[in-house]
Protein chains: 6
Amino acid sequence: MLKQAKGRIGRNAVLLALLEEEEEAEITAHLESLQWRYCKGKVGSMELQKIVASIETAAKRNDVVNGELYREMHALYHAVIEAMQGVTRGQVDLGDLMRTVGLRFAVVRGKPYENSEEGEWIAVALYGTIGAPIRGLEHETIGLGINHI
Amino acid sequence: MLKQAKGRIGRNAVLLALLEEEEEAEITAHLESLQWRYCKGKVGSMELQKIVASIETAAKRNDVVNGELYREMHALYHAVIEAMQGVTRGQVDLGDLMRTVGLRFAVVRGKPYENSEEGEWIAVALYGTIGAPIRGLEHETIGLGINHI
Amino acid sequence: MLKQAKGRIGRNAVLLALLEEEEEAEITAHLESLQWRYCKGKVGSMELQKIVASIETAAKRNDVVNGELYREMHALYHAVIEAMQGVTRGQVDLGDLMRTVGLRFAVVRGKPYENSEEGEWIAVALYGTIGAPIRGLEHETIGLGINHI
Amino acid sequence: MLKQAKGRIGRNAVLLALLEEEEEAEITAHLESLQWRYCKGKVGSMELQKIVASIETAAKRNDVVNGELYREMHALYHAVIEAMQGVTRGQVDLGDLMRTVGLRFAVVRGKPYENSEEGEWIAVALYGTIGAPIRGLEHETIGLGINHI
Amino acid sequence: MLKQAKGRIGRNAVLLALLEEEEEAEITAHLESLQWRYCKGKVGSMELQKIVASIETAAKRNDVVNGELYREMHALYHAVIEAMQGVTRGQVDLGDLMRTVGLRFAVVRGKPYENSEEGEWIAVALYGTIGAPIRGLEHETIGLGINHI
Amino acid sequence: MLKQAKGRIGRNAVLLALLEEEEEAEITAHLESLQWRYCKGKVGSMELQKIVASIETAAKRNDVVNGELYREMHALYHAVIEAMQGVTRGQVDLGDLMRTVGLRFAVVRGKPYENSEEGEWIAVALYGTIGAPIRGLEHETIGLGINHI
Ligand SMILES: [Mg+2]
Ligand SMILES: [Mg+2]
Ligand SMILES: [Mg+2]
Ligand SMILES: [Mg+2]
Ligand SMILES: [Mg+2]
Ligand SMILES: [Mg+2]
């Protein structure tokens, strides 16, 4: 069984991505108290590849995942692609479809289930804007990918 | 240009869907002060059709959209489908893929751009769990669809 | 090389599906003069399966394809699915996504290439409306699938 | 309720894209008489981005849409992507899948519903060929996207 | 690094699904010698749900996965869906698209990497026929999904 | 009706792609005895286009298809794309999604049905690894596309 609201990994990741820097202290303190690993960053691009690379690099540098272990990178990769599905809503493509994104991302790794045997899971949350490569011609977008790790 | 954080329609919709009932007062007070129309509800099903119908019915009953005008229902429909892309991440399908969802949804209608000529937009946010049709075998999921209305 | 406008199989199929009965005489006379096989029909449903079945049945009954030969049914099937992609634009699904269609379809079989060795090809054209299962809440839609046969 | 055949926006857009220049006078005169805005153009490319840009540029230059208003560009953009779904039938991608298109496009903006409160809608129609980047190795393709604007 | 041919989990799963019963002794002996868990079965249906359920049930009954642990069922589920992508090639759908499958499936769980820290992975292989719901109107199809577990 | 195991075109193509060079003699001898045309090759890339081009070039050079006839190239092309669906499982994309493949491919052309009027069919099988563009961070993948030719 999933834990209640504050013990939820996806909810924490989404709030971390969604909240402004000045609002996030409560969430980060909460994640620290849970001893869950996490990181947060920003990336803007018309190239999907750069989004994936930025998130993977941040997750490795902040020890959210072990970059030497394919097992962990595989779990993270699929979570990133699932999150991008929410952001792109239909075709996982940016520049080819003449659109660009400006995203804040959060990666959280922890134990969201009551049963400790369910082990660790990873959540990737993305929040920002998507639109034409012209400032202002854009609307908001969100995505969340979750995987066992 | 999109307004800053609190004036953002997607962010407000996501928070409304994400927060527990006891936490949502701040958001709903904020939406009231903006004079934006909104509604919130819950739906659980293995049938996509029921999810779409629940959201459409709630939005009509709460005067977020005018159910007599195809123009408005068309805007809402596409926002719902885009939100379901985030929830389903790849195939917009539930029961056929042996999975079920338990979702909280929020629909918000307002003016998220600085330029008032950009007019009204609608946001559909979904948050909850997706998984096997067995209690507990599930993880979180989120989706956001945005459209001009 | 494809033949010019009037010798094109897709264009003829689309016009046949698009034109009202009172307008179609010119197209059908033209197809007769080319000795190309064709059929036209109507189908409305929330179930994709019925659309596929209606087109296949009409094509078999009108000897546009030989229903005993998988080779021919395979060519027709893939052309139908490709045409449905244009109609559904993203998810090849109707009722699960709470939408229904009312379509006119045309199937045309002929030799659209200058080089006679290119042999016979089949075109499936669909034109009609797609929308909510409520009269009037709908817009137009089109699709074309083409295959060698 | 949608108007009858000649009052339909998608049908007019498809005919405009489908007909040869010497055949289109009847359609354009009809669109003028309805006082509907429209434009027509040609584009060939292995890059989807160029197709999108060509249509958007033509629609802005011919005052079919207001390029300063995201609301209008958003409506046009989604109509273009829906039309490209019909053209690409499965993966909205060209060069990566080793294929190229040569398309005629038409954009029409008008009031296709009996009820004047349904307001303006926009239709994007594409017709041409798709195939290998070798002259002659290609077949026809069509797409139609419709949106409220 | 992945192990060489015989130590590969996907290759073993595909061969197990592909080979006739009288040919499979070599593979099963090899899997036993590796002490990898596996199972094999058959399922035919127009309903995707039944395919997913058959594979999950077989994998649980044969102790390839622990049905009590969502972590394991999640790993298996995504591997099944990935395998179905290969089988369905575009739309993960059967009956709605008027097609049915007759499949042999194999699930294999083992350690396919040189580095033992990469731990256990699971492979789901599907092989059989797909086609119209009429005997003989069908062609072969294959799919493979792989996940860390 | 499809022929039994050894007469099956997809099974032969998959085995040809799957088996190591030292194991393939039995399959190639069998294909020779059936007088079926075939070829085998290797390709590794982050660009889908190169995969498609390599297979098409090999099939033309080995007279499995006639490169002058669009009919044959069209049959091969769709079989290649269907095989790539199995390899990519969801989005037919490589580099944009930060992944690369190392594949062995086999193309087989023959008569897999009892009824000789079903004529020739073509099968494209792909087997290899997919993963991050870092050696070792990869798992296996397979795909099979089949078409009438
Ligand atoms: Mg999952
Ligand atoms: Mg949008
Ligand atoms: Mg084609
Ligand atoms: Mg629509
Ligand atoms: Mg993977
Ligand atoms: Mg097929």
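About the thresholds
Residues numbered from 1 in each chain as written. Chains lettered and ligands numbered in written order. Predicted model: local features only at pLDDT ≥ 70, side-chain atom pairs only at ≥ 80, totals over all residues. Heavy atoms only, no water. UniProt positions renumbered as here; feature names shortened; annotations may be inferred. Helix = DSSP H or I, 4+ residues; strand = E, 2+ residues; numbered from the N terminus. Rg over C-alpha atoms; globule rule 2.2 N^0.38 Å. Contact = heavy atoms within 4.5 Å. Areas by Shrake-Rupley, 256 points an atom, 1.4 Å probe, with all protein chains shown as cover. Lys, Arg positive; Asp, Glu negative; His and termini not counted. Charge placed at Lys NZ, Arg CZ, Asp CG, Glu CD. Buried < 20%, exposed > 50% of the residue type's maximum accessible area, 1.4 Å probe, protein only. Donors = N, O, S within 2.8 Å, 3.2 Å for Na, K, Ca; no water. Salt bridge = Lys/Arg side-chain N within 4 Å of Asp/Glu carboxyl O. Polar contact = N/O pair within 3.5 Å; in protein donor to acceptor, adjacent residues only side chain to side chain. Least-squares fit on C-alpha atoms with pLDDT ≥ 70 in both. Buried area = accessible area lost by both parts, 1.4 Å probe. Nonpolar A, V, L, I, M, F, W, Y, C, P; charged D, E, K, R; others polar. Pairing = 2+ DSSP bridges. Axes fitted to C-alpha atoms, helices over the stretch in contact; angles between N-to-C directions. Phe/Tyr/Trp six-rings, centres within 6.5 Å; stacked < 30°, edge-to-face > 60°. Parallel < 35°, antiparallel > 145°, perpendicular 65-115°, else oblique. Left-handed = near helix turned anticlockwise from the far one by under 90°.

- For chain A, the name recorded in an unreviewed UniProt entry is Hut operon positive regulatory protein, with Thermolongibacillus altinsuensis as its organism.
- Looking at chain A in UniProt, the text filed under Function (unreviewed entry) is "Antiterminator that binds to cis-acting regulatory sequences on the mRNA in the presence of histidine, thereby suppressing transcription termination and activating the hut operon for histidine utilization."

With respect to the overall build of chain A
Thought 1: Looking only at helices and strands, one finds four helices and four strands in chain A.
Thought 2: Listed by position from the N terminus, the elements making up chain A come as α-α-β-α-α-β-β-β.
Thought 3: Taken over C-alpha atoms, the radius of gyration comes to 15 Å for chain A, in line with the 15 Å a tight globule of 149 residues would show.
Thought 4: Put simply, of all contacts in chain A between residues at least 6 apart along the chain, 63% involve residues at least 24 apart.
Thought 5: Total accessible area on chain A stands at roughly 5,200 Å², and carbon and sulfur atoms take up 43% of it.
Thought 6: Taking the average location of the 17 positive side-chain charges in chain A and that of its 21 negative ones, the two points are 0 Å from each other.

What about unusual backbone geometry?
Residues and elements named next belong to chain A.
Thought 1: If you check the backbone angles, Arg89 has positive phi at about 45 degrees while not being a glycine.
Thought 2: Inspection of the secondary structure assignment puts Arg89 in the loop between helix H4 (70–88) and strand E2 (100–110).
Thought 3: Overall, Arg89 belongs to the buried group, its relative accessible area being 10%.

Details of the coordination of the magnesium ion (ligand 3)
Thought 1: Surrounding the magnesium ion (ligand 3) are the protein donor atoms His139 of chain D (NE2), His74 of chain F (NE2) and His78 of chain F (NE2), which sit 2.2 Å from the metal. Linking His74 of chain F with His78 of chain F, this pair stays in helix H4 (residues 70–88), spanning four residues, or about one helical turn.

Comments concerning the pattern of salt bridges
When their charged atoms lie close together, side chains carrying opposite charge are able to pair.
All names here are of chain F.
Thought 1: Taken as a whole and assessed by the stated rule, the structure comprises 48 salt bridges over all chains.
Thought 2: Of the charged contacts in the structure, one is a salt bridge between Glu20 and Arg104, with a shortest N-O distance of 3.4 Å. Linking Glu20 in the loop between helix H1 (9–18) and helix H2 (25–34) with Arg104 in strand E2 (residues 100–110), this pair joins segments that are 84 residues apart in sequence.
Thought 3: By relative accessible area, Arg104 is classed as buried at 15%.

With respect to the side chain of His74 of chain E
Thought 1: In this structure His74 of chain E comes out as buried when scored by relative accessible area, which is 2%.
Thought 2: In terms of polar contacts, His74 of chain E uses its side chain to reach the side chain of His139 of chain B, at 3.1 Å.
Thought 3: The contacts of His74 of chain E, once residues within four sequence positions are left out, are Trp121, Ile146, Asn147 and His148 of chain A, His139 of chain B together with Asn147 of chain E.

Quick notes on the relation of the copies chain B and chain A
Thought 1: After a rotation of 180 degrees and a shift along the axis of 0.0 Å, chain B superposes on chain A with an RMSD of 0.0 Å. These values place the two chain copies in the arrangement generated by a two-fold rotation axis. Ranked by how close their C-alpha atoms come to the rotation axis, the residues of chain B are headed by Gly86 of chain B, at 1.7 Å.
Thought 2: The residues that chain B uses at the interface reappear at the interface of chain A in 100% of cases, marking a shared surface.

Some points on the coordination of the magnesium ion (ligand 4)
Thought 1: Summarising the metal site, the magnesium ion (ligand 4) is bound by the protein donors His74 of chain B (NE2), His78 of chain B (NE2) and His139 of chain C (NE2), whose distances to it range over 2.2 Å. With His78 of chain B in helix H4 (residues 70–88) and His139 of chain C in strand E4 (residues 138–148), this residue pair bridges two chains.
Thought 2: On the basis of relative accessible area, His78 of chain B is assigned to the buried category, the value being 17%.

Digging into the interface of chain A and chain D
Thought 1: In this complex, chain A contributes 14 residues to the contact, which on the side of chain D involves 18 residues.
Thought 2: Carbon and sulfur atoms make up 55% of the surface buried where chain A meets chain D, a total of about 1,200 Å² over both sides.
Thought 3: Seen at the junction of chain A and chain D, the total is zero salt bridges.
Thought 4: At the junction of chain A with chain D, the criterion picks out five residue pairs in polar contact (both at pLDDT 80 or more).
Thought 5: The residue inventory of the side of chain A that touches chain D, partitioned by class, reads five nonpolar, five polar and four charged.

So, the sheet that holds strand E4 (residues 138–148) of chain E
Thought 1: With antiparallel pairing, four strands are arranged side by side in an open sheet as E1-E2-E3-E4 (chain E). The sheet is open, and its two borders are formed by strand E1 (37–45) and E4 of chain E, each paired with just one other strand. Averaged over all adjacent pairs, the angle separating strand axes in this sheet is 15 degrees, with direction ignored.
Thought 2: Bridge count between strand E3 (residues 121–131) of chain E and E4 of chain E: 11 bridges; the pairing is antiparallel. Its bridge partner being in E4 of chain E, Trp121 of chain E is matched across the sheet by His148 of chain E.
Thought 3: Along the sheet face, H4 of chain A touches E3 and E4 of chain E and points at about 115 degrees away from the line of E4 of chain E.

Focus on the sheet that holds strand E1 (residues 37–45) of chain F
Thought 1: Spatial strand order, E1-E2-E3-E4 (chain F): four strands in an open sheet with antiparallel pairing. Every other strand in the sheet has two partners, leaving E1 and strand E4 (138–148) of chain F as the edge strands with one partner each. Strand-to-strand, the axes of this sheet are offset by a mean angle of 15 degrees, without reference to chain direction.
Thought 2: Contacts from helix H4 (residues 70–88) of chain C reach strand E3 (121–131) and E4 of chain F, with the element oriented near 115 degrees to E4 of chain F.
Thought 3: Together, E2, E3 and E4 of chain F form the strand contacts of H4 of chain F, whose direction differs from that of E4 of chain F by roughly 150 degrees.

So, the environment of Ala17 of chain A
Residue and element names in this part refer to chain A.
Thought 1: Structurally, the position occupied by Ala17 is in helix H1 (residues 9–18).
Thought 2: Looking at Ala17, the relative accessible area reads 1%, which means it is buried.
Thought 3: Contact partners of Ala17, with chain neighbours within four places excluded, come to Arg104, Ala106, Ala125 and Tyr127.

Side note on the packing of aromatic side chains
Thought 1: In this structure the tally under the stated criterion is 18 aromatic pairs over all chains.
Thought 2: Note on Tyr113 of chain C and Tyr70 of chain F: the rings are 5.9 Å apart at their centroids and 65 degrees apart in plane angle, and the pair reads as edge-to-face. Of this pair, Tyr113 of chain C sits in the loop between strand E2 (100–110) and strand E3 (121–131) while Tyr70 of chain F sits in helix H4, each in a different chain. Each member of the pair, Tyr113 of chain C together with Tyr70 of chain F, is buried.

Here we look at the relation of the copies chain A and chain D
Thought 1: The two copies are related by a screw motion: chain A maps onto chain D through a turn of 120 degrees and a shift of 0.0 Å along the axis, at an RMSD of 0.0 Å. Such values leave the two copies arranged in the relation of a three-fold axis. Looking at the rotation axis and the C-alpha trace of chain A, the residue lying nearest is Gln91 of chain A, at 4.5 Å.

Describing the packing of helix H3 (residues 48–61) of chain F against H4 of chain F
All names here are of chain F.
Thought 1: Running from amino to carboxyl end, H3 crosses H4 at an angle of 135 degrees, the nearest separation of the two axes being 11 Å. Classified by the angle between their axes, H3 and H4 sit oblique to one another. Relative to H4, the crossing made by H3 is right-handed. Between H3, through Leu48, Ile51, Val52, Ile55, Glu56, Ala59 and Lys60, and H4, the contact on the second element is made entirely by Met73, Leu76, Tyr77, Val80, Ile81 and Met84.

Here's the deal with the interface of chain B and chain A
Thought 1: Contact with chain B, which involves 33 residues of that partner, is made by 33 residues of chain A.
Thought 2: Between chain B and chain A lies a buried interface of about 2,900 Å² when both sides are counted; carbon and sulfur atoms form 60% of it.
Thought 3: When the buried surface of chain B facing chain A is broken down by residue, Arg11, Arg89 and Glu140 of chain B rank first, second and third, together holding 22% of it.
Thought 4: Our count for the chain B to chain A interface comes out at four salt bridges.
Thought 5: Across the salt bridge formed by Arg89 of chain A and Glu82 of chain B, the nearest N and O atoms sit 2.5 Å from each other.
Thought 6: At the surface where chain B touches chain A, the tally comes to 12 residue pairs in polar contact (both at pLDDT 80 or more).
Thought 7: Of all the elements, strand E4 (residues 138–148) of chain B adds the most residues to the side of chain B that touches chain A, at eight residues.
Thought 8: A class-by-class count of the residues in the side of chain B that touches chain A yields 14 nonpolar, nine polar and 10 charged.

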